[in-house]
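# Chain and residue survey
Listed below are the residues making up each chain.
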Amino acid sequence: MYGFGIVKGLGVVINHFIGSYIDDLRWAGKGGRYYNEEAFNVRQSPLGEGVKTVFYPEEKLSTPERFRFVPFLVTDDPPPGQRWGHDWCTACGICVKVCPAQCIWIERAKQPNGRPKSQPEKFFIDIDMCMNCGLCAEFCPFDAIKMDHDYELASYDRSTAHIHDKERLSKPLSYWREISPKKAEAEDIARKWAEAAKTKKRDKDGEGREDRIAEVAARQLYYKGLYY
Amino acid sequence: MSDIILEPTADAPGPDVELTPAQEATAKLKELHPNVLSDDTREGYEGMIVYADSITEVAKTLRDDLGFNYLSSVTGVDLIEEGKMEVVYHFYSIDRGGGPVVLKAQVNRDEPVLPSLVSIFPGADFQEREAYDMYGFNFLGHPDLRRILTWDGFAGHPLRKDWKEPFFEEEFKPYGSRWPDGQVFRVEEKTPYGKNVQYPPGWAPTGEEYDIETDVYLGLTYSRDATPGLKTDKVTVNLGPQHPSTHGVFRMVVTLDGETIVDLKPVVGYLHRNHEKIGERNTFIMNMPYTDRLDYLSSMSNNLGYALAVEKLFDLTVPERAEWIRILMVELTRIANHLWALGFLLNDLGALQTPMLYYYLERELIVDFFEAASGSRMMCNYMRFSGVAYDLPDDVRGMPTMKFLEELIYNNLPRAIDQGDDLMTGNEIVRARAIGVGVLTPEDAIAMSTAGPVLRASGVPYDIRRAEPYSYYDHLDFDVAVRYNGDIYDRYLIRVDEMRQSLRILQQVLPYLKQTEGAPIFGDKPQYAQRAPRSGESYGRVENPKGELGYYVTAKRRSGNPERYHVRAPSFINLTALGPMAKGHKVADVVAILGSIDIVLGEVDR
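Quick notes on the rules
The numbers attached to residues start from 1 for each chain and follow its sequence in the written order. Working convention: letters from A go to chains and numbers from 1 go to ligands, in the order in which they are written. Local features in this predicted model are restricted to residues of pLDDT 70 or higher, and side-chain atom pairs are both shown and tallied only at a pLDDT of 80 or more, whereas totals for entire chains, interfaces and linings draw on every residue. The contact criterion used is a C-beta to C-beta distance within 7 Å, with each C-beta placed from the backbone. The helix count covers DSSP runs of H or I at least four residues long, the strand count covers runs of E at least two residues long, and both are numbered beginning at the N terminus. Under the convention adopted here, Pro, Cys and the residues Ala, Val, Leu, Ile, Met, Phe, Trp and Tyr are nonpolar, Asp, Glu, Lys and Arg are charged, and Gly plus all remaining residues are polar. One bridge is not enough; two strands pair if DSSP finds at least two bridges between them. Convention adopted: a line fitted to C-alpha atoms gives each axis, helices being fitted over their contacting stretch, and angles between N-to-C directions are expressed from 0 to 180 degrees. Burial is judged by counting other C-beta atoms within 10 Å of a residue's own C-beta: 20 or more means buried, 12 or fewer means exposed, and anything between counts as partly exposed, with every C-beta placed from the backbone. Roughly parallel means an angle under 35 degrees; roughly antiparallel means over 145; roughly perpendicular covers 65 to 115; every other angle is labelled oblique. These domain limits were set by an automatic method or by a database of domain assignments. Here a helix's expected span is defined as the number of its residues, less one, multiplied by 1.5 Å.

## A closer look at the interface of chain A and chain B
- Taken together, the contact pairs 48 residues of chain A with 52 residues of chain B.
- Within the residue set of the side of chain A that touches chain B, elements represented by two or more residues are α1 (4–28), α2 (37–44), α3 (94–98), β2 (104–110), β3 (116–126), α4 (135–139) and α9 (209–223) of chain A.
- Examining the composition of the side of chain A that touches chain B, we find that seven residues originate from one element, α1 of chain A, more than from any other.
- Grouping the constituent residues of the side of chain A that touches chain B by class yields 26 nonpolar, 12 polar and 10 charged.

This is how it looks when you write it as structure tokens:
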């Protein structure tokens with residue numbers, strides 16, 4: 001019958017239309033469908049039905065642990081009364097060497113006698129160039145650079161606000177633990193392993209080398225997210 | 001992992017092994033053209049070097065006598081040290097499948113002239129234009145040899161090794177200015193007027209330089225109206241580049257007789273950033289996130305193609321779990337891409353937004369999964385050489401991953417596909433608009449080197465997952481979707497079919513993922529600077545949602561950067577068929593025909 005296809009299609013639309021009201025009713029007794037965390041989580045999962053709109057910025061989708069947006073530098077939690085903790089970055093330059101967009105600039109600090117010091121004097125990231133690929137965080141051997149979850153970086157002036165310096169980039173370890181708890185925990189364990197392996201090597205000169213290699217490999221696995 | 005889950009494939013090479021179709025054709029070709037062919041003896045290279053002037057005869061033999069009727073890729077390579085340039089051709093056999101016959105035509109670098117293959121393989125059209133644009137090859141007999149990605153009047157040929165960009169810092173990344181004494185600067189401070197252009201010394205514009213658009217109009221057909229009665233003029237109209245129907249910044253120059261298309265030429269390159277030059281500056285791993293930006297709707301598949309090419313070059317093996325994860329990711333990508341493509345096709349046909357948003361709801365779940373697994377919704381950057389970046393996550397949107405995937409694969413996606421079927425497939429308006437419009441015959445589809453759904457909707461069941469299986473596709477049970485009419489409606493239906501086949505594959509992959517839980521996901525220790533263990537070339541190709549995506553990578557031994565990095569972009573080459581398909585139809589149909597090809601401008605323009 002001519003026109004049957006259109007009617008059938010309209011049936012699908014009407015189903016969606018009615019379905020959205022049914023879902024409203026379902027949540028009516030449980031605190032409503034909107035601005036309700038429980039309802040919001042169900043709505044965003046495969047089990048969600050009805051209207052799936054997110055009322056941004058009042059409602060925000062949660063970001064998964066691996067979410068990546070513009071790197072930041074990890075520092076120790078600042079001691080009481082101080083603003084900054086100790087930098088984890090050793091200015092080794094691996095993030096620079098792997099960065100596809102070449103958006104990282106590091107000036108390595110110098111000792112008074114002019115020899116390089118394993119510490120960054122300056123650290124810049126041009127976030128206009130950064131493509132959020134996460135390779136810097138993936139390959140950093142000191143867990144010093146991590147990808148942030150803060151994606152609201154809009155600003156009025158591109159020319160002054162978009163080159164992040166060390167002060168802007170540095171965030172304490174507690175922040176990293178907050179946004180990415182499982183990964184941070186896995187890294188903690190891996191660091192302890194590596195530390196233990198180092199002391200072992202120091203104790204017995206030349207021995208335990210294979211252990212150490214195995215442990216470094218295991219550490220790499222942690223970074224790759226195998227154990228979390 | 002000690003327990004082996006897969007049996008080795010039955011056709012392990014024995015002593016009296018049969019020649020592959022490509023080897024057989026190569027041997028016969030050498031018999032037929034003994035004087036103009038010689039083996040490519042460079043270390044790590046395959047194929048044959050052909051005397052440049054004879055390329056047309058050799059190609060004709062390949063097509064007519066040996067069945068290698070599909071010219072997949074044409075690209076240039078600059079051999080600056082030898083003072084030569086070469087054009088690399090990859091021919092495939094549609095009927096017999098298997099690997100390529102690779103031909104290389106070498107010409108003098110100062111005078112790069114060789115015959116064009118367009119008369120034999122019309123699919124070479126855009127690719128030869130690209131090679132002309134990027135390297136300056138003069139293809140004799142090419143009907144319309146103009147620049148394609150850069151604009152007319154561009155100075156130089158950018159992929160030549162001695163061409164430098166306006167702000168040239170260093171030949172290879174990483175740049176020395178970044179570490180250990182990095183003082184931040186912005187490139188726009190170092191170029192004239194803050195633009196990425198360079199001016200010849202003493203150049204003073206007169207205004208006439210801008211009148212360079214005439215070539216594209218000259219190439220159009222203006223046939224005289226032979227019918228008696230009212231004589232009407234043909235009108236040339238630009239559709240695009242800023243037009244909602246063009247899916248991006250894409251221009252179609254059409255000549256109209258009334259409302260009927262007489263001729264159509266696509267104009268591309270508005271998003272051109274010279275992906276390949278960037279790729280040759282990059283180290284191998286740096287290219288991975290750049291491949292995301294090609295076809296940005298299916299970044300996982302793009303990653304896979306590049307990973308395959310480099311793994312071939314580096315002789316790396318991939319652990320089992322990583323392979324299953326890869327298949328999971330690329331098949332989900334295929335579904336996500338097709339949901340998107342169908343939504344936009346229907347949008348172009350006038351079903352504004354409603355079907356698109358219904359499809360989009362389920363696509364959203366797929367990108368949620370990608371986000372949880374890789375950290376990014378669309379720019380996944382997930383594959384690594386010999387593995388994947390991360391294992392599957394613990395949970396996605398508050399649901400354990402495997403449960404989420406089961407829910408998705410057994411419930412949400414099939415439901416969405418069926419619902420789309422109910423909504424649109426039988427719709428009389430869609431049928432009236434789509435059936436019999438934009439027909440591409442199987443012969444034309446092969447000749448024009450179209451790939452993917454466009455090729456298969458024309459009745460050519462060619463799928464790389466079957467023709468030259470990569471990863472574990474030879475262990476999986478699925479059908480190659482094929483439709484026979486070659487019109488818009490069939491290109492719509494084939495995408496629905498392909499999604500169903502992808503679901504079949506995914507249902508087979510899930511048990512393997514459960515079985516391999518906890519197994520390694522990459523082969524070797526990951527390194528930030530991998531160097532090529534040997535010099536040579538490799539060509540990795542995958543069945544992208546949009547068609548055959550190929551990466552041609554060459555490298556020198558111990559080099560950290562690819563010497564040549566070429567992307568055979570399916571959307572770009574599928575556009576060759578747009579003009580012939582659109583001829584004789586109305587303006588409103590062109591929009592739908594373009595939608596049925598399913599292009600992404602990030603990949604077309606590169």
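From this point, the narrative continues.
## Some points on the sheet that holds strand β19 (residues 564–568) of chain B
Residues and elements named next belong to chain B.
- Pairing is antiparallel in the open sheet, where three strands are placed in the order β17-β18-β19. With one partner strand each, in any of the chains shown, β17 (536–544) and β19 form the two edges of the open sheet. Neighbour to neighbour, the strand axes of the sheet diverge by 10° on average, direction disregarded.
- Docked against the sheet, helix α7 (residues 299–314) engages β17 and β18 (547–555), running at close to 155° with respect to β17.

## Digging into the sheet that holds strand β3 (residues 70–79) of chain B
Residue and element names in this part refer to chain B.
- On the basis of which strands lie adjacent, the open sheet formed by five strands has the order β1-β2-β5-β4-β3 and mixed pairing. Here the strands that pair on one side only, and so sit at the sheet edges, are β1 (37–39) and β3. Between one strand axis and the next, the sheet turns through 25° on average, direction left out of account.
- Both strand β4 (residues 84–92) and strand β5 (residues 101–108) contribute to a ladder of eight bridges, which runs antiparallel. Bridged to Phe 91 within β5 is Val 101.
- Against the sheet, helix α1 (residues 21–32) engages β1, β2 (48–50) and β5, with an angle of about 45° to β5.

## Structural notes on the pairing of β17 of chain B
All names here are of chain B.
- For β17, the tally of buried residues reaches nine of nine residues, placing the bulk of the element in the interior.
- Burial along β17 is two-sided: Gly 536, Ser 538, Gly 540, Val 542 and Asn 544 facing one way and Glu 537, Tyr 539, Arg 541 and Glu 543 facing the other are all buried.
- Bridging between β17 and β18 involves nine bridges; their strand directions are antiparallel. Considered in β18, the bridge of Asn 544 is made with Gly 547.
- Taking the residues between adjacent antiparallel strands as the criterion, β17 and β18 are bridged by two residues.

## Regarding unusual backbone geometry
- Omega for the peptide link from Lys 173 of chain B to Pro 174 of chain B comes to -5°, which places this bond in the cis form.
- Tracing the backbone through its elements, the reader meets Pro 174 of chain B in the loop between β7 (138–140) and α4 (214–218).
- Here the residue pair Trp 179 of chain B and Pro 180 of chain B is connected by a cis peptide bond, since its omega of 5° sits within 30 degrees of zero.
- Summarising the element assignment, Pro 180 of chain B is placed in the loop between β7 and α4.
- Even without being glycine, Asn 132 of chain A reaches a positive phi, approximately 55°.
- Examined against the element boundaries, Asn 132 of chain A turns out to sit in the loop between β3 and α4.
- Looking at Asn 132 of chain A, the number of C-beta atoms within 10 Å reads 19, which means it is partly exposed.

## A closer look at the packing of α1 of chain A against helix α10 (residues 401–425) of chain B
- Viewed as axis vectors pointing N to C, α1 of chain A and α10 of chain B meet at an angle of 135°, and their least axial separation amounts to 6 Å. Classified by the angle their axes make, α1 of chain A and α10 of chain B are oblique. Residues Lys 8, Gly 9 and Val 12 of chain A of α1 of chain A touch α10 of chain B, and the partners they reach there are Gln 419, Asp 422, Leu 423 and Met 424 of chain B.
- Residue classes in the contact of α1 of chain A with α10 of chain B are distributed as three nonpolar, two polar and two charged.

## Thoughts on the packing of helix α8 (residues 320–348) of chain B against helix α18 (residues 587–597) of chain B
All names here are of chain B.
- In the contact formed by α8 and α18, the axes pass within 8 Å of each other and the chain directions differ by 175°. If you check the angle between α8 and α18, you find them roughly antiparallel. Of α18, the residues touching α8 (which contributes Phe 344, Leu 345 and Asp 348) are Val 591, Ala 592, Gly 595 and Ser 596.

## A closer look at the domain arrangement of chain B
Residues and elements named next belong to chain B.
- According to the domain assignment, chain B consists of domain 1 (21–140), domain 2 (163–203) and domain 3 (275–605).
- A straight line from the C-alpha centre of domain 1 to that of domain 3 covers 27 Å.
- The partner domain 3 presents 24 residues to the 23 residues of domain 1 that form the contact.
- Those elements giving two or more residues to the side of domain 1 that touches domain 3 turn out to be β3, β4 and α3 (124–135).
- For the side of domain 1 that touches domain 3, the element with the most residues is β3, which contributes six residues.

## Remarks on helix α9 (residues 354–374) of chain B
- Counted at 1.5 Å a residue, the expected span for α9 of chain B with its 21 residues is 30 Å, and the 30 Å between its end C-alpha atoms agrees.
- Phi turns positive one or two residues past the end of α9 of chain B, at Gly 375 of chain B, with a value near 100°.

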